[in-house]
Amino acid sequence: MATAVQLAGAKWVWAQPYSGRVARGAEAALDLDASLVERCLTGQDAAWEDLVKLHTRRVYAICYRFTSSDSEAQDLSQEVFLRVFKNLKSFRSGEGSFVVWLTRLTRNLLIDHYRRTKLDRATDSIEDQMTVLEGKTGAMARTDGMLAGREASEILQHALGKLSPELRETVILRDIEELEYREIAEVLNVPEGTVKSRLNRGRAELARVLKRQKVMI
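Rules and cut-offs
Residues numbered from 1 in each chain as written. Predicted model: local features only at pLDDT ≥ 70, side-chain atom pairs only at ≥ 80, totals over all residues. Heavy atoms only, no water. Buried < 20%, exposed > 50% of the residue type's maximum accessible area, 1.4 Å probe, protein only. Helix = DSSP H or I, 4+ residues; strand = E, 2+ residues; numbered from the N terminus. Axes fitted to C-alpha atoms, helices over the stretch in contact; angles between N-to-C directions. Parallel < 35°, antiparallel > 145°, perpendicular 65-115°, else oblique. Left-handed = near helix turned anticlockwise from the far one by under 90°. Contact = heavy atoms within 4.5 Å. Phe/Tyr/Trp six-rings, centres within 6.5 Å; stacked < 30°, edge-to-face > 60°. Core = buried A, V, L, I, M, F, W, Y, C linked by side-chain atoms within 4.5 Å. Salt bridge = Lys/Arg side-chain N within 4 Å of Asp/Glu carboxyl O. pLDDT = per-residue confidence, 0-100.

*Asks:* When you look at helix 10 (residues 181–188) in this model, what are you seeing that I'm missing?
*Replies:* Listed in full, the buried residues belonging to helix 10 are Glu 183, Ile 184, Ala 185, Val 187 and Leu 188. Positive backbone phi, at 60°, marks Asn 189, one or two positions downstream of helix 10.

*Asks:* How do you make sense of the packing of helix 3 (residues 45–67) against helix 4 (residues 70–87) when you look at a structure like this?
*Replies:* Between two packed helices, the angle of one axis relative to the other and the distance separating the axes together describe the packing. Two elements in contact, helix 3 and helix 4, have axes whose closest approach is 8 Å; the angle formed by their N-to-C orientations is 135°. If you check the angle between helix 3 and helix 4, you find them oblique. Helix 4 is crossed by helix 3, and the crossing has right-handed handedness. Residues Trp 48, Val 52, His 55, Thr 56, Val 59, Tyr 60, Cys 63, Tyr 64 and Thr 67 of helix 3 lie in contact with helix 4, whose contacting residues are Asp 70, Glu 72, Ala 73, Gln 74, Leu 76, Ser 77, Val 80, Phe 81, Val 84 and Phe 85.

*Asks:* Whenever I open this one, unusual backbone geometry confuses me. Can you help?
*Replies:* Most peptide bonds adopt trans geometry, and most residues besides glycine take a negative phi value. Of note, the phi angle at Ser 68 is positive, near 60°, even though the residue is not glycine. In this fold, Ser 68 is placed in the loop between helix 3 and helix 4. For Ser 68, a relative accessible area of 34% corresponds to the partly exposed category. Residue Glu 178 is not a glycine yet carries a positive backbone phi of 60°. Position of Glu 178 relative to the elements: it lies in the loop between helix 9 (165–176) and helix 10.

*Asks:* Whenever I open this one, the packing of aromatic side chains confuses me. Can you help?
*Replies:* Each pair of aromatic rings is reported with the distance of its centres and the angle of its planes. Summed over the entire model, instances satisfying the criterion amount to five aromatic pairs. Taken together, a centroid distance of 5.7 Å and an interplanar angle of 75° make the contact between Trp 48 and Phe 85 edge-to-face. On the criterion of sequence distance, the pair formed by Trp 48 in helix 3 and Phe 85 in helix 4 is long-range, its members being 37 residues apart. Three or more aromatic residues joined by ring pairs make a cluster, and in this case those are Phe 91, Phe 98 and Trp 101.

*Asks:* Which parts of the structure should I look at to understand the environment of Val 209?
*Replies:* With respect to the helices and strands, Val 209 occurs in helix 11 (residues 192–212). You can call Val 209 buried: its relative accessible area is 3%. The spacing of Val 209 and Leu 156 is 53 residues in sequence and 9.7 Å in space, taken between C-alpha atoms. Excluding residues within four positions of it along the chain, Val 209 makes contact with Ala 159 and Lys 162.

*Asks:* Mind showing me how you'd approach the nonpolar core here?
*Replies:* Here is a general trend for soluble globular proteins: nonpolar side chains tend to be buried in one another's company. Among the nonpolar cores identified, the biggest contains 40 residues, and Trp 48, Val 80, Val 84, Leu 88, Phe 98, Trp 101 and Leu 173 are the most heavily contacted of them. Of all elements in the fold, only helix 2 (26–41), helix 3, helix 4, helix 5 (98–117), helix 9 and helix 10 reach the threshold of two or more residues within this core. Every residue in contact with Val 84, bar those within four places of it in the chain, is listed here: Trp 48, Phe 98, Trp 101, Leu 102 and Leu 105. Ile 155, Ala 159, Leu 160 and Leu 163 belong to the second largest nonpolar core, which has 10 residues in total.

*Asks:* Please clarify how the pattern of salt bridges should be interpreted in this entry.
*Replies:* Close approach of charged atoms allows side chains with opposite charge to pair. With the rule as written, the count across this model stands at five salt bridges. Put simply, Arg 107 and Glu 169 hold a salt bridge, and the shortest N to O gap is 2.7 Å. Taken together, the positions of Arg 107 in helix 5 and Glu 169 in helix 9 put the pair 62 residues apart, joining distant regions of the chain. Judged on exposure class, the residue Arg 107 and its partner Glu 169 are both buried. For Arg 182, the salt bridge goes to Glu 186, with nearest N and O atoms at 3.4 Å. Taken together, the residues span about one helical turn, with Arg 182 and Glu 186 both in helix 10 at a distance of four residues. Residue classification places Arg 182 among the partly exposed positions, given a relative accessible area of 46%.

*Asks:* Can you walk me through the confidence of the model for the protein chain in this structure?
*Replies:* Detailed reading of predicted coordinates is not advised where the pLDDT is low. Considering every residue of the protein chain, the mean pLDDT works out to 76; 68% of them sit at 70 or more. Summarising per-element confidence for the protein chain, the mean pLDDT is lowest in helix 1 (residues 4–8) (41) and highest in helix 4 (94). Low confidence marks residues 1–24, where pLDDT is under 50. Its contacts with residues over four positions away, or in another chain, come to 45 contacts.

*Asks:* Is there a simple way to explain the packing of helix 9 against helix 11 in this structure?
*Replies:* With their axes 9 Å apart at the nearest point, helix 9 and helix 11 run at an angle of 100° to one another. In terms of their interaxial angle, helix 9 and helix 11 are classed as roughly perpendicular. Contacts from Leu 167, Thr 170, Val 171, Arg 174 and Asp 175 of helix 9 reach helix 11 at Val 195, Arg 198, Leu 199, Arg 201, Gly 202 and Arg 203.

Now the structure itself:
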């Protein structure tokens, strides 16, 4: 397995896709993750590289949507994988999926980041802010259909930045990362009902923000 020093000095290419065979279906994806984790724990460097490539986009997307900064998102993504490297032995495949474990680890790091930097946004409920991202299936989905390309992405990112951290993370996890309600509940450690409530509030708040920006939804 790669060393922490090698990881720290690695060049992170966020758009680089996984080069191995792409498994189809939820069960196949779980099997692939479990296999890669097992191989990582036996010291296979190639398996670690594949695991990072397979999940880099997901981790970077969460970090970027939450910080609105490419440089911060890249730094935080690297930090996430350093934590994964250090804590991979604690993952238990029989207790849940690797994606949920990785997403929870990413979320915890983002919370730590907010505490360290003492951003004003951190004073809001992180769980309330995350809910806003759920709007992609509702208000966000309709908005994406009427806006185009990069402009739409920038408008959406700006609007997400207006949400509390809690609502924002919920919307991100549901509408961008497309996690199931059950998985989001595991990541946030809240009941599914709370996830749905935050999602609804996030969608409504996002719609108000977009309307103030004169974006028709």
